[in-house]
Amino acid sequence: MPHALLLAGVQGMGKREFALFAAAALLCEQPSIKGACGNCGACNQLAADAHADYRYIATEEGSEVIKVDAIRQLVDWLHLTANGKSYRVAIINDADAMNRNSANGLLKTLEEPGDGTILILVSNKPGSLPATIRSRCQKINITNQDAAAAISWLEGQGIADGASALHAAGGAPYRVIWQQEGEWSEEQRLLTKAWVDLICHRASVGKIVDSLKDYPTSRCLAQFSQLTAMTTAQQQGRQSGADPATVEAVSATVDCLQSEQWFTIYDRLQQLTRSDSASFKTQAVLEGLFADIRLMIQG
Ligand SMILES: [Zn+2]
């Protein structure tokens, strides 16, 4: 095991879940190929959120940054003598939310984390992490390599048509679950409105981009990918099983472009998602994309 891992990939791919799975397996007293046993003392302590060799850091509620205090506490904890018998594992979720001080506070620890210490950084926007942090981590891209497994997992979660749902969610299985649970509804509503405004020419590109300034680029791209995927599905006469508001948005936009153009837009969105475009300024990425789409519509 390397001392520091960086799990990268789009939102909803299951990076955090994978980090939790790996942490549990590392701490378990009798792990198997399937991960932690779920029964031993270590597993019970972890389940009770009371494992002495485990820490989980994320943004606090209502805050968008991981503050330096949280990182300092983590670093202090890591410097306590490891017991030598087992791993100590710390997860930093949304690691790109560390501000400059936080990232600097973590740097030295990343260089010399100590015996048996494993830091797992999780990020949708690895490009936003300082290069000094990235270079000290082994990066693992979490992608949807096994769609069949994701589909059967979704169907096991009670999703009727796992294949369509996964496609509509841009291949990110947890997005399907979040949508099912009605999370992100306000964000989805706003992003969907921006998309309809763009395609139907209801506002200027500048104004639309401005309305999105509070949302991470990765989430905008994921939402637009989903809408585009549903639109192409509708053009091919496939049902996508979306909520009424999404169906309405798709109906409003579907005839504004030819089907090849929708595919072109979908490819562009996927490309932007894959490249670390989330690390660019939202405004620049979206402005370029939107201007090109407007040209397509006019052309
Ligand atoms: Zn166990």
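Residues numbered from 1 in each chain as written. Predicted model: local features only at pLDDT ≥ 70, side-chain atom pairs only at ≥ 80, totals over all residues. Heavy atoms only, no water.

A. Geometry of the overall build of the protein. Counting its regular elements, the protein contains 14 helices and 5 strands. When its C-alpha atoms are laid out on the principal axes, the protein stretches across 65 × 40 × 30 Å. Counting over 299 residues, the protein shows a buried share of 46%. For the protein, the accessible surface area stands at approximately 15200 Å², while carbon and sulfur atoms represent 49% of it. Taken together, the 26 basic and 32 acidic charged side chains of the protein have centroids lying 5 Å from each other. (Helix = DSSP H or I, 4+ residues; strand = E, 2+ residues; numbered from the N terminus. Buried < 20%, exposed > 50% of the residue type's maximum accessible area, 1.4 Å probe, protein only. Areas by Shrake-Rupley, 256 points an atom, 1.4 Å probe, with all protein chains shown as cover. Lys, Arg positive; Asp, Glu negative; His and termini not counted. Charge placed at Lys NZ, Arg CZ, Asp CG, Glu CD.)

B. Examining the nonpolar core more closely. Counting residues in each nonpolar core, the largest one holds 30 residues, and the members touching the most others are Trp195, Leu198, Leu212, Phe224, Leu286, Leu289 and Phe290. Looking at this core element by element, the count peaks at 6 residues for helix 9 (residues 185–199). Filtering out sequence-adjacent residues up to four positions away, Leu289 remains in contact with Leu221, Arg268, Leu269 and Leu272. Core analysis: the second largest hydrophobic core is formed by 23 residues, Ala4, Ile57, Ala97 and Ile133 among them. (Core = buried A, V, L, I, M, F, W, Y, C linked by side-chain atoms within 4.5 Å. Contact = heavy atoms within 4.5 Å.)

C. Structural detail: the coordination of the zinc ion. All of the protein donors around the zinc ion are Cys28 (SG), Cys37 (SG), Cys40 (SG) and Cys43 (SG); their distances to the metal are 2.3 to 2.4 Å. Coordination at the zinc ion is tetrahedral: its 4 donor atoms span angles of 103 to 117° at the metal. With relative accessibility at 7%, the residue Cys28 sits in the buried group. Relative accessible area serves as the criterion here: at 6%, Cys40 is assigned to the buried category. (Donors = N, O, S within 2.8 Å, 3.2 Å for Na, K, Ca; no water. Tetrahedral: all angles 85-135°; square planar, octahedral: opposite > 155°, others 65-115°.)

D. Broad picture of the sheet that holds strand 1 (residues 4–8). If you walk across this open sheet you meet the 5 strands as 2-3-4-1-5, and the pairing is parallel. The two strands at the open ends of the sheet, each matched to only one other strand, are strand 2 (54–57) and strand 5 (138–141). Ignoring strand direction, the axes of neighbouring strands in this sheet form an average angle of 15°. Sitting on the sheet, helix 1 (residues 15–27) is in contact with strand 1, strand 2, strand 3 (88–92) and strand 4 (117–123), with an inclination near 170° to strand 4. Lying on the sheet, helix 3 (residues 68–79) is in contact with strand 2, strand 3 and strand 4; it crosses strand 3 at an angle near 170°. (Pairing = 2+ DSSP bridges. Axes fitted to C-alpha atoms, helices over the stretch in contact; angles between N-to-C directions.)

E. Structural detail: unusual backbone geometry. Despite not being glycine, Asp49 shows a phi value in the positive range, around 55°. Assignment of secondary structure puts Asp49 in the loop between helix 2 (41–47) and strand 2. A positive phi angle is found at His201, which is not glycine, with a value near 60°. Note that His201 resides in the loop between helix 9 and helix 10 (205–211).

F. Here's a closer look at helix 3. With 12 residues, helix 3 extends 16 Å between its outermost C-alpha atoms, agreeing within 8% with the 16 Å of an ideal straight helix rising 1.5 Å per residue. Those residues of helix 3 that sit buried are Val68, Ile71, Leu74, Val75, Trp77 and Leu78. As for helix 3, its buried residues are in contact with strand 2, strand 3, helix 4 (100–111) and strand 4. (Expected span 1.5 Å × (residues − 1).)

G. Spotlight on the pairing of strand 4. With 7 of 7 residues buried, strand 4 is to be regarded as a mostly interior element. The alternating pattern of strand 4 places Thr117, Leu119, Leu121 and Ser123 and Ile118, Ile120 and Val122 on opposite faces, both of which are buried. Two elements, strand 1 and strand 4, share 5 bridges in a ladder whose sense is parallel. Across the sheet, residue Ala4 finds its bridge partner in strand 4, namely Leu119. Sheet topology places strand 3 next to strand 4; 5 bridges connect them, and they run parallel. Paired with Val89 across the strands is Ile118, a residue of strand 4. As for the winding sense of the linkage, the β-α-β connection from strand 3 through helix 4 to strand 4 is right-handed. (Right-handed = clockwise from strand over helix to strand, strands pointing away.)

H. Quick look at the domain arrangement of the protein. The domain boundaries assigned to the protein delineate domain 1 (4–141) and domain 2 (184–298). Its C-alpha centre places domain 1 at a distance of 33 Å from the equivalent point of domain 2. (Domains from an automatic or database assignment.)

I. Fine view of the side chain of Gln11. Mapping Gln11 onto the fold places it in the loop between strand 1 and helix 1. For Gln11, a relative accessible area of 14% corresponds to the buried category. At a separation of 3.0 Å, a polar atom in the side chain of Gln11 contacts the side chain of Asn124. (Polar contact = N/O pair within 3.5 Å; in protein donor to acceptor, adjacent residues only side chain to side chain.)

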